[in-house]
Amino acid sequence: MAEDRQFTHGDTEGIPPGGTLTPAEALAIAGRAEAAARRPQPLPWWYGPGVGLSLAAYGAALGQSFERQAQWLILLCPLGLVLVQAAIVRVAIRARGVAGLVERGFPPHAVRALGAVVLVAALSGLVAWFATGDQGWVGAAVGAGGGLTLWAAIVLINRHVKEQSMSDAQ
């Protein structure tokens, strides 16, 4: 009863030479595999820049739209941002990256990162307003400040996911 299955794909870590497993060993390997499958994976290298740059482009386009009083473009800017962000989020969910953390509730550092993005975006816009008084530059500054901060926050959260993954594996 202790040797009821043969492993046919070669020797693997945790499997004794000869390829036989006891039921307890098979359950232990299956448990480690299930834990590894649930663990969030780091996001692709382009995710942070993609989100950050799309937000910066949105802010710049929105600011220029207000400056030039192009109401039709003001309405299209959010639509463009939503389409780009939806594509990026879809990739993130498929990659089981940081989006996988949402299943367990938002981690505390995600709330701090969001606060930092909003604060830097607001301060960037305020500085641009005092420096230029031009709506176009304010929108560009808000988008650039928020986008770059979001990029940095994603890099830090991604690093945290990698470290957590490495410590869970040990």
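Residues numbered from 1 in each chain as written. Predicted model: local features only at pLDDT ≥ 70, side-chain atom pairs only at ≥ 80, totals over all residues. Heavy atoms only, no water.

## With respect to the overall build of the protein chain
So, step 1. Check the secondary structure of the protein chain and you find five helices and two strands.
So, step 2. In sequence order, the protein chain lays out its α and β elements as β-β-α-α-α-α-α.
So, step 3. Considering only residue pairs separated by 6 or more positions, the protein chain has 63% of its internal contacts joining residues 24 or more positions apart.
So, step 4. Accessible surface computed for the protein chain: about 11,100 Å², of which carbon and sulfur atoms make up 68%. (Helix = DSSP H or I, 4+ residues; strand = E, 2+ residues; numbered from the N terminus. Contact = heavy atoms within 4.5 Å. Areas by Shrake-Rupley, 256 points an atom, 1.4 Å probe, with all protein chains shown as cover.)

## A word on the environment of Ala141
So, step 1. When you line up the elements, Ala141 lands in helix 5 (residues 135-169).
So, step 2. Along the sequence, Ala141 and Leu126 sit 15 residues apart, while their C-alpha atoms lie 8.7 Å from each other.
So, step 3. Beyond its immediate stretch of four places on either side in the chain, Ala141 contacts Ser124, Gly125 and Ala128.

## Some thoughts on the side chain of Ser65
So, step 1. Along the chain, Ser65 falls in helix 2 (residues 47-67).
So, step 2. Other than its neighbours up to four places away in sequence, Ser65 contacts Ala70, Leu73, Ile74 and Cys77.

## Some details on a nonpolar patch on the surface
So, step 1. A grouping of Leu119, Leu123, Leu126, Trp129 and Phe130 is seen on the molecular surface, where their side chains present a nonpolar patch of about 570 Å² in accessible area.
So, step 2. You can see Phe130 is positioned in helix 4 (residues 108-132).
So, step 3. Residue Phe130 is classed as exposed on the basis of its relative accessible area, which comes to 66%. (Patch = residues over 30% accessible without salt bridge, like charges linked within 9 Å, V, L, I, M, F, W, Y side chains within 5 Å. Salt bridge = Lys/Arg side-chain N within 4 Å of Asp/Glu carboxyl O. Buried < 20%, exposed > 50% of the residue type's maximum accessible area, 1.4 Å probe, protein only.)

## Description of helix 2
Turn by turn, an α-helix covers 3.6 residues, leaving residues three or four places apart pointing in a common direction.
So, step 1. Between its first and last C-alpha atoms helix 2 spans 30 Å; for 21 residues at 1.5 Å apiece the expected length is 30 Å, and the two agree.
So, step 2. Residues of helix 2 that are buried: Tyr47, Gly48, Pro49, Val51, Gly52, Ser54, Ala56, Gly59, Leu62, Gly63 and Ser65.
So, step 3. Following helix 2 by one or two positions, Gln69 adopts a phi angle in the positive range, close to 55°. (Expected span 1.5 Å × (residues − 1).)

## Things to note about the environment of Trp137
So, step 1. Within the element layout of this structure, Trp137 appears in helix 5.
So, step 2. In this structure Trp137 comes out as exposed when scored by relative accessible area, which is 53%.
So, step 3. Sequence spacing of Trp137 and Ser124 is 13 residues, and the spatial spacing of their C-alpha atoms is 9.9 Å.

## Considerations on the environment of Lys162
So, step 1. Note that Lys162 resides in helix 5.
So, step 2. On the accessibility criterion, Lys162 (44% relative accessible area) is partly exposed.
So, step 3. Distance in space between the C-alpha atoms of Lys162 and Leu43 is 9.5 Å, their sequence separation being 119 residues.

## Digging into unusual backbone geometry
So, step 1. Backbone geometry places Gln69, a non-glycine residue, at a positive phi of 55°.
So, step 2. Mapped onto the secondary structure, Gln69 falls in the loop between helix 2 and helix 3 (71-94).

## Some thoughts on the confidence of the model for the protein chain
So, step 1. Predicted confidence across the protein chain gives a mean pLDDT of 75, with 72% of residues reaching 70 or more.
So, step 2. Mean pLDDT per element in the protein chain: strand 1 (residues 5-6) is the minimum at 47, and helix 4 is the maximum at 85.
So, step 3. In this model, residues 1-11 is a region of pLDDT below 50 whose contacts with residues beyond four sequence positions or in other chains number 21 contacts. (pLDDT = per-residue confidence, 0-100.)

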